[in-house]
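# Chain and residue survey
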Amino acid sequence: MIFSKDRFFLLNTESSSYAFSVTDEGVVTHLHFGGKINVPGEMEKAAEALQEKVSHGKGTTVEYKPGTNISMDDVLLEVSAPGKGDIRDFFLEIEYEDGTVTSDFLFDSYEILDPHENTCETMPLSYGADDLIKITLKEAVKPVKLELFYSVFEKENVIARRAVLRNEGSEKIKLHRIMSNQVDFYGADYKMITFGGNWVREMEMHETKVSHGLFVNRTLSGVSSNRNNPFVMVGGDDFTEKHGEGYGFNILYSGNHYEALDVSGFYKTRFLQGICPETFEWTIEPGASFETPEAVMTYSDTGYRGVSLNMQHFVKKHIVPGRFRDETRPILLNSWEACYFKINETKLLNLASKAKEAGVELFVMDDGWFKGRNDDHTSLGDWEVDTEKLPNGIKGLSEKIHEMGLKFGIWVEPEMINEDSDLYRAHPEYAMKIEGRDHSLGRNQMILDLTNPEAVDFVIESMSRVFSSGKIEYVKWDMNRFFSDVYSRVLPHERQKETLHRYVINLYRIMKTLTERFPDILFEGCASGGNRFDLGILSYFPQIWGSDDTDAVMRMMIQRGYSYGYPMNTVGSHVSACPNHQTLRNTPLYTRYNIASFGAFGYEMNLGELTGEEFSEVKRQVEAQKKWRDVYFNGDFYVINDNQWMVVSEDKKKAIAVIFNKLVNPNDFFFNLKTEGLADDKIYHMYNEPLKHNIKEFGDLVNMVSPIRVKKDSLIHNVLAKVIKMDGEKEDYVVSGALLNKAGIRLTQAFGGTGYNSETRKFQDFESRIYYIEEVEA
């Protein structure tokens, strides 16, 4: 709900409030973002109570206007700019034709709009808001307007914000920076929690306390980046996993972004989020405007948990597009780690046949299918099928896959070009390259210059031909490098810093066009894994490959990091072979499933090379995934602690919990399985599916019970391992939700070197367990 009276504005969600007001001078001041305040009947009193009182000037600060005693450096503002005394990091910087950069944006008007009127020509927007308000500010001297749009999502406790800058004068202006969001807070000593890392170790969680000065989370790579994801959290010292007040912030943008905490000398903290100003400028011609990406924010008084749940609900219902928003995803097998570039129709059909036998529903042909593509040095841009590998083309292969009863998907990397390609030889001007300089390659490839309309049209039409060349129901859209040698041949020299943002604008145009042309294709974004995992991509593609690292141990960290800002059903996650191709680590097959099962699930391995026992386990996993995927897909995801996750269905009738052990701690037997999110007044059946353990996992300890000496890895040892399995522990309880939530279940004793039987939980390095929880109907 939005309330307004006498230039006081209150935006309420179910459990939070955002308030601002306008001073007599016309300055829009921020008043509150936090717990809900219900003041519709006493708006005037609330506005007075929330406004900071000023009776005299403050030290050596600059007085905003004579006689006002206002120092802009000590005011909580909705918008900040240089020149009028605010020396903190600022929202907006404009250079006017006379060379000045002072701006003073003052309140002009407001309008409560129908949320359907929230449209944007260049950037994606969230959808389905409950309320929308537009605040219009005018520059005090120059003919420039700034429009601030606030969208309220009541149930999800999210507020979205964006800006539009309009040049209504006769002279052009140069925009050096413009943010999407600014929130000023009383107090210092806030911390910013950021998520970054590198290729194959995305979303590492970092906590930085900012008690003075400026801390920035940003990327200069041209993409939202695996180094610094645009999702961040901000809170005080007491803001932890399950407790304390804090905030989550994100932005619908896939390029260079900027998140900053700036602490002033008056112990006030400013948060900013928007396009990274270091690589950005924009000339706004007379009569033209500039639209920022949309930013989103949420408040929680239950720690990271509240932020996570709010963001999960918001992204599921107001970001993810089309029919796939509410449609569970098919279980897939991807060919990449099974074949890499060495594919042909026979290999692919054999893989698909085994996938069908396992119960998989979608077969995906990854890289290597187009002409000349035998390694990563060549052929990107030449989107014509290699008939030596696929003599019947994509059409023939897809028909054979469908005859097996499987859906068919394909890999593409449309934004890239190899120098060794027919496309480059015909159109070198399509590549982003600076003439006269050696180009720095990434993965042996260059980036198409999407500021060039001809290159944009090429991507749209070439991909349309590919997607129409067979019965294709899934596309993996990859992007395997970040930007270097940034330059646009179609822009004049004075506008080169517009290049990266124009690239993003045209990328969104391409994605919008293709997803509208092919509404029944499930698109998955990818950028060497999580190098472009953001809300901008999710506005067109319902899921993104979370990381090229499929190692279960690393995925515990990576998927947990994503969970604070994104729903797990948007995170692509696969079971792969061991030793893992990224870490050479060996983990149990069931652990690989137990972790991957929480995301957009699939396999990336040669199922034909599994042992009979392993293949039977895969079949059981696929059956379990089909039985429980509605819970995985639609449920609320919880991080319980460092060793436990769970997901709870919307109606709280079903849940799945997983526990895992990175490294065994000797003589540590106890684990208490405590849940969250279940209904206290319901009765639940909690159970596991007991494992069968290979006796070889116990080494020569088998001789403690064997009547004869069994030499490790001997013939007799191998024979025994095939015919004798050690029973794993069984857990089976019928208890209340209150007991599960508030006390927990004490699981069977873990193995600790003092004995083993069927009531012992063998829980060694990299092991895990899944527990299923179902309501017992009365």
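Read on for a plain summary of the structure. (Residues numbered from 1 in each chain as written. Predicted model: local features only at pLDDT ≥ 70, side-chain atom pairs only at ≥ 80, totals over all residues. Heavy atoms only, no water.)

## With respect to the overall build of the chain
Our working rule: Under the scheme used here, helices are H or I runs from DSSP no shorter than 4 residues and strands are E runs no shorter than 2 residues, and both carry numbers assigned from the N terminus. Throughout, the radius of gyration refers to the C-alpha atoms, and the reference size of a globule is 2.2 Å times the residue count to the power 0.38. Think of it in three bands: residues with accessible area under 20% of the maximum for their type are buried, residues over 50% are exposed, and the middle band is partly exposed, with areas taken using a 1.4 Å probe on protein chains only. By definition in these notes, contact holds between two residues if any of their heavy atoms fall within 4.5 Å. Note on areas: Shrake-Rupley, 1.4 Å probe, and residue coverage restricted to the protein chains presented here.
Counting secondary structure elements, the chain contains 14 helices and 40 strands. Since a compact globule built from 778 residues should have a radius of gyration of about 28 Å, the 28 Å found for the chain is in line with a globular shape. Judged by the C-alpha coordinates and their principal axes, the chain covers about 100 × 65 × 45 Å. Here the chain, with 778 residues, has 61% of them falling under the buried criterion. A sequence separation of at least 24 residues applies to 71% of the contacts in the chain between residues at least 6 apart. In the structure as shown, the chain presents an accessible area of about 29800 Å², 49% of it carried by carbon and sulfur atoms.

## Observations concerning the pattern of salt bridges
Operational definition: Take a side-chain nitrogen of Lys or Arg and a carboxyl oxygen of Asp or Glu: if they are within 4 Å of each other, that pair is a salt bridge.
With the rule as written, the count across this model stands at 60 salt bridges. Note that R201 and E204 form a salt bridge whose closest N and O atoms lie 3.6 Å from each other. Among the residues examined, R201 registers a relative accessible area of 35% and is labelled partly exposed. Via salt bridges that share partners, D73, D86, R88, D184 and R270 belong to a single interconnected network.

## Points about the packing of aromatic side chains
Stated precisely, the cut-off is as follows: To pair, rings of Phe, Tyr and Trp, with the six-membered ring standing in for Trp, must have centres within 6.5 Å; the planes then decide the type, stacked if under 30 degrees apart, edge-to-face if over 60, and tilted in the middle. A ring is scored as having a charge over it whenever the NZ atom of a lysine or the CZ atom of an arginine sits within 6 Å of its centre and within 35 degrees of its normal.
Counted according to the given criterion, the structure contains 49 aromatic pairs. Taken together, a centroid distance of 5.2 Å and an interplanar angle of 75 degrees make the contact between W369 and F370 edge-to-face. In this pair, the class of W369 matches that of F370, namely buried. Taking 5.0 Å as the distance between ring centres and 75 degrees as the angle between the ring planes, the aromatic pair formed by F533 and Y566 counts as edge-to-face. In this pair, F533 is assigned in the loop between β27 (522-525) and α9 (535-538) and Y566 in the loop between α10 (552-563) and β29 (571-576), connecting sequence segments 33 residues apart. Directly above the aromatic system of F90 lies the positively charged group of R177, at a separation of 4.9 Å from the ring centroid.

## Describing the sheet that holds strand β30 (residues 600-604)
Note the threshold: Strand pairing requires that DSSP identify at least two bridges connecting the strands. Simply put, an axis is a line fit to the C-alpha atoms, just over the touching stretch for a helix, and the angle between two N-to-C directions goes from 0 to 180 degrees.
Strand order in this closed barrel of 8 strands is β21-β22-β23-β26-β27-β28-β29-β30, and the pairing throughout is parallel. Adjacent strand axes in the sheet meet at a mean angle of 30 degrees, parallel and antiparallel pairs treated alike. Here 4 bridges tie strand β23 (residues 407-412) to strand β26 (residues 474-477), and the two strands are oriented parallel to one another. Residue pairing in the sheet places G409 in a bridge with Y474 of β26. Packed onto the sheet, helix α4 (residues 345-358) meets β21 (332-334) and β22 (362-365) and runs at close to 155 degrees relative to β22.

## Thoughts on the nonpolar core
For the record, the criterion: Take the buried residues of types Ala, Val, Leu, Ile, Met, Phe, Trp, Tyr and Cys, join any two whose side-chain atoms come within 4.5 Å, and each joined set is a nonpolar core.
One finds L146, L165, W369 and Y603 to be the most contacted residues of the largest nonpolar core, which totals 185 residues. For this core, the element with the highest residue contribution is helix α8 (residues 499-517), accounting for 9 residues.

## With respect to helix α12 (residues 612-634)
Threshold: In this analysis, the expected span of each helix is defined as 1.5 Å times one less than the number of residues it contains.
The terminal C-alpha atoms of α12 lie 33 Å apart, and with 23 residues this matches the ideal 33 Å at 1.5 Å per residue to within 8%. Within α12, the full set of buried residues consists of F615, E617, V618, Q621, V622, A624, Q625, W628, R629, V631, Y632 and F633.

## Some thoughts on the environment of N12
Just so we agree on the cut-off: Polar contacts, as used here, are pairs of N or O atoms within 3.5 Å; protein pairs need one atom able to donate a hydrogen and one able to accept it. Residues neighboring in sequence count only if both atoms are side-chain atoms.
Position of N12 relative to the elements: it lies in strand β2 (residues 8-12). In this view, N12 contacts M1, F3, S17, K36, I37, N38, V152 and E154; residues no more than four positions away in its chain are not counted. A polar atom in the side chain of N12 sits 3.5 Å from the backbone oxygen of I37.

## Looking at the sheet that holds strand β35 (residues 683-687)
Strand pairing in a sheet takes place through backbone hydrogen bonds and is either antiparallel or parallel in direction. What the 6 strands build is an open sheet, ordered β31-β32-β33-β40-β35-β38; its pairing is antiparallel. The strands lining the two open edges of the sheet, one partner per strand, are β31 (636-641) and β38 (732-736). Averaged over all pairs of adjacent strands, the angle between strand axes in this sheet comes to 20 degrees, irrespective of strand direction. Both β35 and strand β40 (residues 767-775) contribute to a ladder of 4 bridges, which runs antiparallel.

## Description of the packing of helix α7 (residues 453-467) against α8
For any two helices packed against each other, one specifies the crossing angle of their axes together with the interaxial distance. Convention followed: Should an angle fall under 35 degrees it is called roughly parallel, over 145 degrees roughly antiparallel, and 65 to 115 degrees roughly perpendicular, with every other angle called oblique. Note on convention: near helix rotated counterclockwise from far helix by under a right angle means a left-handed crossing. Clockwise means right-handed. Residues are grouped as follows: Ala, Val, Leu, Ile, Met, Phe, Trp, Tyr, Cys and Pro are nonpolar; Asp, Glu, Lys and Arg are charged; all remaining types, including Gly, are polar.
At a minimum axis distance of 10 Å, the contact between α7 and α8 shows a crossing angle of 25 degrees. One element, α7, and the other, α8, form an angle in the roughly parallel class. For the pair α7 and α8, the sense of crossing is right-handed. Contacts between α7 and α8 involve V456, D457, V459, I460, E461, M463, S464 and F467 on the former and, on the latter, N506, R509, I510, T513, L514 and R517. Of the residues in the contact of α7 with α8, the class split is 7 nonpolar, 3 polar and 4 charged.

## Some points on unusual backbone geometry
Note the cis peptide between C578 and P579, where omega equals 0 degrees. The phi torsion at S225 lies on the positive side, around 90 degrees, for a residue other than glycine. Among the secondary structure elements, S225 is positioned in the loop between β13 (213-218) and β14 (232-235). We note that L584 has phi near 60 degrees; this positive angle belongs to a residue other than glycine. Mapping L584 onto the fold places it in the loop between β29 and α11 (589-596).

## Quick look at the packing of α10 against α11
At a minimum axis separation of 9 Å, α10 and α11 run at an interaxial angle of 15 degrees. Taken together, the axes of α10 and α11 are roughly parallel relative to one another. With respect to the hand of their crossing, α10 and α11 are arranged in left-handed fashion. Residues A552, R555, M556 and Q559 of α10 touch α11, and the partners they reach there are T591, R592, I595 and A596. Classifying every residue of the contact of α10 with α11 gives 4 nonpolar, 2 polar and 2 charged.

## Some words on a nonpolar patch on the surface
Spelled out, the test is: The patches reported here contain residues having more than 30% relative accessible area and no salt bridge. Joining distances are 9 Å for like charges and 5 Å for nonpolar side chains (Val, Leu, Ile, Met, Phe, Trp, Tyr).
Nonpolar side chains collect at one region of the surface, where L715, V719, V723 and I724 lie side by side and expose about 400 Å² of accessible area between them. Mapped onto the secondary structure, I724 falls in the loop between α13 (715-723) and β37 (725-727). Owing to a relative accessible area of 39%, I724 belongs among the partly exposed residues under this scheme.

## Section: the pairing of strand β32 (residues 644-648)
For β32, the tally of buried residues reaches 5 of 5 residues, placing the bulk of the element in the interior. Where burial is concerned, the two faces of β32 agree: the one with Q644, M646 and V648 and the one with W645 and V647 are both buried. In textbook terms, the turn of a hairpin is the stretch between consecutive antiparallel strands, and for β31 and β32 this stretch comprises 2 residues. Two strands pair when backbone bridges link them, and β32 and strand β33 (residues 654-661) are joined in this way by 5 bridges, in the antiparallel orientation.

## Some words on the side chain of E156
Just so we agree on the cut-off: The charge count treats Lys and Arg as positive and Asp and Glu as negative. His and the chain ends do not count.
Tracing the backbone shows E156 in the loop between β8 (144-153) and β9 (158-167). One buried charged residue, E156, remains without a salt bridge, the closest side chain of opposite sign being K155 at 6.0 Å. Contact partners of E156, with chain neighbours within four places excluded, come to T298, N310, H313, F314, K317 and H318.

## Things to note about the environment of L11
If you trace the backbone, L11 turns up in strand β2. On the basis of relative accessible area, L11 is assigned to the buried category, the value being 0%. Separated by 142 residues in sequence, L11 and F153 place their C-alpha atoms 9.9 Å apart.

## Looking at the environment of I133
Note that I133 resides in strand β7 (residues 131-139). Between the alpha carbons of I133 and T60 there is a distance of 37 Å; along the sequence they are 73 residues apart.

## A word on the pairing of strand β5 (residues 92-95)
Residues L92 and I94 point to one face of β5 and are all buried, whereas E93 and E95, pointing to the other face, are not buried. The pairing of β5 with strand β10 (residues 173-186) spans 4 bridges and is classified as antiparallel. Pairing of E95 across the sheet is with K174, part of β10.

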